[in-house]
Amino acid sequence: MTRLKFLRFLIYSFLGFLLSPVKSLAQMAPRVFDAGRVTSQITSVSKFYVEDYSGPPASLKENPETWSLRLHGMVKRELVFTYPQLLKRPTIKMFATINCIGNPVGGGAIGNALWEGVSLASLLDEANPDFFADVAAFKGADDYHDSIPLRQARHSSALLALKMNGRPLTLDHGFPLRLVVPGLYGIKQMKWIREIEIGQDDREGYWQKRGWSKKARVKIFSRIDHPRDGDWIFQRSLLAQGVAFAGDRGVQYVQVSSDGEKTWALAKLEPPLSDYSWARWSVPISFNKPGRYQLSVRGADQYGGVQRDDLRDPFPSGTSGVHRVNISVA
Ligand SMILES: Nc1nc2c(c(=O)[nH]1)N[C@H]1C(S)=C(S)[C@@H](COP(=O)(O)O)O[C@H]1N2
Ligand SMILES: [Mo]
């Protein structure tokens, strides 16, 4: 290699290194659907965002009857279930919101649904993990893989969900079985689960290998759904509305500003459907003269986390930036 070529090689590898986070960000591209200006508390299955790295696995589209779930690793008793066997087990129901770690400020990759399924803790009790085991690693039929601390897998609300909004999961949302575990971003909510391995080795998951957060704890998020960016308002007042979500930490308050963030009005919070569901908020806003206005929303969780503008980039651990919309009042 000549000196010049070597120099060029160095520059290109450095550029590649600089650009690599941007590339992984681009790769996490959720499909989102317009849910309207008054976001419903429960997101219908057809409006619930979809995110996966390569779509539903062919094996589940073509012959789902060959699917089974295997729980193994550092356990006293290995367990295997077919779909009919899982359906016979007692189930629990829980409302929970799931949001994508790649969801941008104000984005639509978030939804709330009623999940019904088998308690993961109950299966773990039966399998009886080894005293030193501390990780539950999940593997999907699409070979997606990720793990969570065993402590979180034993959460009384960690579900192996069979149903979404009262019906069997659709293929897009993880049929036959998906994980729903409170407090964590969608990245951890494994779809098409085929294997749960209990162990100690904290292996990197699919997205961690691409630089995304390993813990993936949900950050406080709030979004303005009405009015929308670019709207013309032909009145001197309106009821601003939106949603706020803080994982398993609960939303403490939501504030809205219409004067460039000099003053903030406290929004009214609707009681969420569960401790793990988003809360809808609303607040009346009035304008004393025509002109352009910016509305901003920020929320806080019940552990002191607040939305901050230095956290606007979803990569690598999710965004918590302030959401703003610009409107014209006639
Ligand atoms: N098997 C599998 N599970 C997966 C994924 C995947 O690519 N494969 N993507 C994850 C990501 S990044 C998100 S945000 C959620 C999205 O769930 P949804 O499509 O039901 O909204 O699924 C998670 N579970
Ligand atoms: Mo995601």
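A.B. asks: Is there a simple way to explain the side chain of Gln208 in this structure?
C.D. replies: Structurally, Gln208 can be placed in the loop between β10 (193-199) and β11 (221-226). Given the relative accessible area of 6%, Gln208 is considered buried. Look past the residues within four positions of Gln208 in its chain and what remains in contact with it is Asp146, Ile187, Lys188, Ser213 and Lys214.

A.B. asks: Would you explain the pattern of salt bridges in this entry?
C.D. replies: Side chains bearing opposite charge may pair, as long as their charged atoms lie close to each other. Within the structure shown, the criterion is met by 18 salt bridges. Notably, a salt bridge pairs Glu126 with Arg89, separated by 2.8 Å at the nearest N-O pair. Remark: Arg89 occurs in the loop between α3 (83-87) and β3 (92-99) and Glu126 occurs in helix α4 (residues 120-127); sequence separation between them is 37 residues. On the accessibility criterion, Glu126 (31% relative accessible area) is partly exposed. Since its relative accessible area comes to 18%, Arg89 is described here as buried. A salt bridge links Arg223 to Asp225, with the nearest nitrogen and oxygen atoms 2.6 Å apart. One exposure class covers both Arg223 and Asp225, and it is buried.

A.B. asks: Where do I start with the sheet that holds strand β17 (residues 279-286) in this structure?
C.D. replies: Two pairing modes exist for strands in a sheet, parallel and antiparallel, and in both the strands are linked by backbone hydrogen bonds. Taking strand neighbours across the sheet as the criterion, the four strands line up as β11-β13-β17-β16 in an open arrangement whose pairing is antiparallel. Of all the strands in the sheet, just β11 and β16 (268-269) have a single pairing partner and so form its edges. Summarising the sheet, strand β13 (residues 237-245) and β17 pair through eight bridges and their orientation is antiparallel. Of the residues in β17, the one forming a bridge with Ala240 is Val283.

A.B. asks: Could you clarify how one ought to interpret the environment of Ser282 in this entry?
C.D. replies: Within the secondary structure layout, Ser282 lies in strand β17. A relative accessible area of 17% means that Ser282 is categorised as buried. Once you skip the residues sitting within four places of it in the chain, Ser282 turns out to touch Leu239, Ala240, Gln241, Ala267 and Lys268.

A.B. asks: Help me out: how do you make sense of the packing of aromatic side chains in this one?
C.D. replies: By convention here, two paired aromatic rings are described through the distance between centres and the angle between planes. Scanning the entire structure with this criterion turns up eleven aromatic pairs. Centroid distance Tyr206 to Trp207: 5.1 Å. Interplanar angle 85 degrees. Geometry classified as edge-to-face. Taken together, Tyr53, Tyr144, Tyr206 and Trp207 form an aromatic cluster joined through their ring pairs. Against the face of Trp264 rests Arg298, its NZ or CZ located 3.9 Å from the ring centre.

A.B. asks: Sorry if this is basic, but what is going on with the environment of Gln241 here?
C.D. replies: In this structure, Gln241 sits in strand β13. Separated by 165 residues in sequence, Gln241 and Lys76 have C-alpha atoms that sit 51 Å apart.

A.B. asks: What is the right way to look at the nonpolar core in this model?
C.D. replies: Most often, soluble globular proteins have nonpolar side chains that are buried together. By size, the foremost hydrophobic cluster in this structure holds 65 residues, and its most contacted members are Leu69, Trp115 and Ile196. Broken down by element, this core gets its largest block of residues, five residues, from strand β7 (residues 159-164). In terms of nonpolar packing, the next biggest core, distinct from the first, is built from 21 residues, Ile224, Ala246, Trp281 and Ile327 among them.

A.B. asks: Explanation requested: the site of ligand 1 in the structure shown.
C.D. replies: Of all residues adjacent to ligand 1, which total 18 residues, the nearest are Tyr49, Asp142, His173, Arg178 and Lys191. Between ligand 1 and Gln189 there is a distance of 3.0 Å, counted from a nitrogen atom to a backbone nitrogen or oxygen. The separation between an oxygen atom of ligand 1 and a polar side-chain atom of Lys191 is 2.6 Å. Alone, ligand 1 offers 530 Å² of accessible surface; in the complex the protein occludes 100% of this. Looking at the shell around ligand 1, its residues break down into ten nonpolar, three polar and five charged.

Parameters at a glance
Residues numbered from 1 in each chain as written. Chains lettered and ligands numbered in written order. Predicted model: local features only at pLDDT ≥ 70, side-chain atom pairs only at ≥ 80, totals over all residues. Heavy atoms only, no water. Helix = DSSP H or I, 4+ residues; strand = E, 2+ residues; numbered from the N terminus. Buried < 20%, exposed > 50% of the residue type's maximum accessible area, 1.4 Å probe, protein only. Contact = heavy atoms within 4.5 Å. Salt bridge = Lys/Arg side-chain N within 4 Å of Asp/Glu carboxyl O. Pairing = 2+ DSSP bridges. Phe/Tyr/Trp six-rings, centres within 6.5 Å; stacked < 30°, edge-to-face > 60°. Lys NZ or Arg CZ within 6 Å of the ring centre and 35° of its normal. Core = buried A, V, L, I, M, F, W, Y, C linked by side-chain atoms within 4.5 Å. Near = heavy atom within 4 Å. Polar contact = N/O pair within 3.5 Å; in protein donor to acceptor, adjacent residues only side chain to side chain. Areas by Shrake-Rupley, 256 points an atom, 1.4 Å probe, with all protein chains shown as cover. Nonpolar A, V, L, I, M, F, W, Y, C, P; charged D, E, K, R; others polar.

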